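Okay, here's what each chain looks like letter by letter:
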Amino acid sequence: LDTANAQEVARLNAAMPVYGVTTNPSILAKEGKGLSIVLPEIKEVLGEQARFHVQVVSTTTEGMVEEAVQLSQLPYDIVVKVPTTVIGLAAIKQLKAKNISILATAIYSAQQGFMAALCGADYLAPYVNRIDVLGASSVNIVSDLQLLINQQNLDCKLLPASFKNTRQVMDILRLGVD
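Reading guide: rules and limits
- Residues numbered from 1 in each chain as written.
- Predicted model: local features only at pLDDT ≥ 70, side-chain atom pairs only at ≥ 80, totals over all residues.
- Heavy atoms only, no water.
- Axes fitted to C-alpha atoms, helices over the stretch in contact; angles between N-to-C directions.
- Helix = DSSP H or I, 4+ residues; strand = E, 2+ residues; numbered from the N terminus.
- Parallel < 35°, antiparallel > 145°, perpendicular 65-115°, else oblique.
- Left-handed = near helix turned anticlockwise from the far one by under 90°.
- Contact = heavy atoms within 4.5 Å.
- Nonpolar A, V, L, I, M, F, W, Y, C, P; charged D, E, K, R; others polar.
- Buried < 20%, exposed > 50% of the residue type's maximum accessible area, 1.4 Å probe, protein only.
- Pairing = 2+ DSSP bridges.
- Right-handed = clockwise from strand over helix to strand, strands pointing away.
- Salt bridge = Lys/Arg side-chain N within 4 Å of Asp/Glu carboxyl O.
- Core = buried A, V, L, I, M, F, W, Y, C linked by side-chain atoms within 4.5 Å.

> Provide a residue-level description of the packing of helix H5 (residues 86-97) against helix H6 (residues 110-119), including the pertinent values.
The contact between H5 and H6 brings their axes to 8 Å, and the two run at 25 degrees. As judged from the angle between their axes, H5 and H6 are roughly parallel. Crossing hand, H5 versus H6: right-handed. In this structure, H5 uses Leu89, Ile92, Lys93 and Lys96 to contact H6, whose residues at the interface are Met115, Ala116 and Cys119. Across the contact of H5 with H6, the residue classes break down as five nonpolar, no polar and two charged.

So this is what it looks like as structure tokens:
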């Protein structure tokens, strides 16, 4: 789930399998709570198997690395989200050397996702609806990215994000992404 609201997590967890929660700075700001409150609340709802994807807010490679190391030391199952920019790619390379689990986020092209995979990202998050809004085909981009991962035998999984309707979800699921 893409939220920082523990009540929403509890409501949806009662009706469907929820394995984890992803946040970013704007989601936390909307909720008006910091990670020190949100993570324990949601872990109480989901239990020990809860996995959190938490985005760095730093704008420098050094800052992203420092922040990711701090996040990885929290007592939760955390995957650190790093924007897939040139600065972010440099941070991903450094963080993989520290064995920190990484989700490369804000992916808009197969090439951008492929570079993140080559730098060691564990997960890749192409932004499905945002790609479509920009006039490209999210289905083609996600399909190309999965093909590149498979062909190059890269150890990462796609975790598409930014869905706005069930058609987009079904179109992506039909591709057989990990």
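> Summarise the side chain of glutamine 146; cite the residues concerned and give the values.
Residue position: glutamine 146 is located in helix H8 (residues 138-151). Under the relative-accessibility criterion, glutamine 146 is labelled buried at 6%. When residues no more than four places from it in sequence are discounted, the contact partners of glutamine 146 are Leu158, Val177 and Asp178.

> Can you break down the pairing of strand S4 (residues 102-107) residue by residue, with the values?
The element S4 is largely enclosed, with a buried count of six among its six residues. Across four bridges, strand S3 (residues 77-83) lies against S4 in parallel orientation. Looking across to S4, one finds that lysine 81 is bridged to leucine 103. Taken together, S3, H5 and S4 constitute a β-α-β crossover, and its handedness is right-handed. Looking at chain direction, S4 and strand S5 (residues 123-126) are connected through three bridges and run parallel. Directly across from leucine 103, in S5, lies its bridge partner tyrosine 123. Handedness of the β-α-β unit built from S4, H6 and S5 comes out right-handed.

> Please give an account of the pairing of S3 that cites residues and values.
Within a regular strand, side chains alternate between the sheet's two faces. The element S3 is extensively covered by neighbouring structure, given that six of its seven residues are classed as buried. With five bridges joining them, strand S2 (residues 51-55) and S3 adopt parallel strand pairing. Counterpart to valine 54 in the pairing with S3 is valine 80.

> Before we move on, could you go through the pattern of salt bridges and cite the residues and values that matter?
Counted by the stated rule, this structure contains seven salt bridges. A salt bridge links glutamate 41 to lysine 33; the shortest N-O distance between them is 3.1 Å. Salt-bridge contacts for lysine 96 lead to aspartate 122; the nearest nitrogen and oxygen are separated by 2.9 Å. Of this pair, lysine 96 sits in helix H5 while aspartate 122 sits in the loop between H6 and S5, and the two are 26 residues apart along the sequence. According to the relative accessible area criterion, lysine 96 is partly exposed, its value standing at 23%.

> So, the nonpolar core: which residues are in play, and what are the values?
Within the largest apolar cluster, 45 residues are counted, with the highest numbers of intra-cluster contacts made by Ile42, Phe52, Val80, Val82, Ile92, Ile102 and Leu124. Among residues more than four places away in sequence, those in contact with leucine 124 are Ala104, Ile107, Gly113, Ala116, Ala117, Leu145, Ile149, Cys156, Lys157, Leu158, Leu159 and Pro160.

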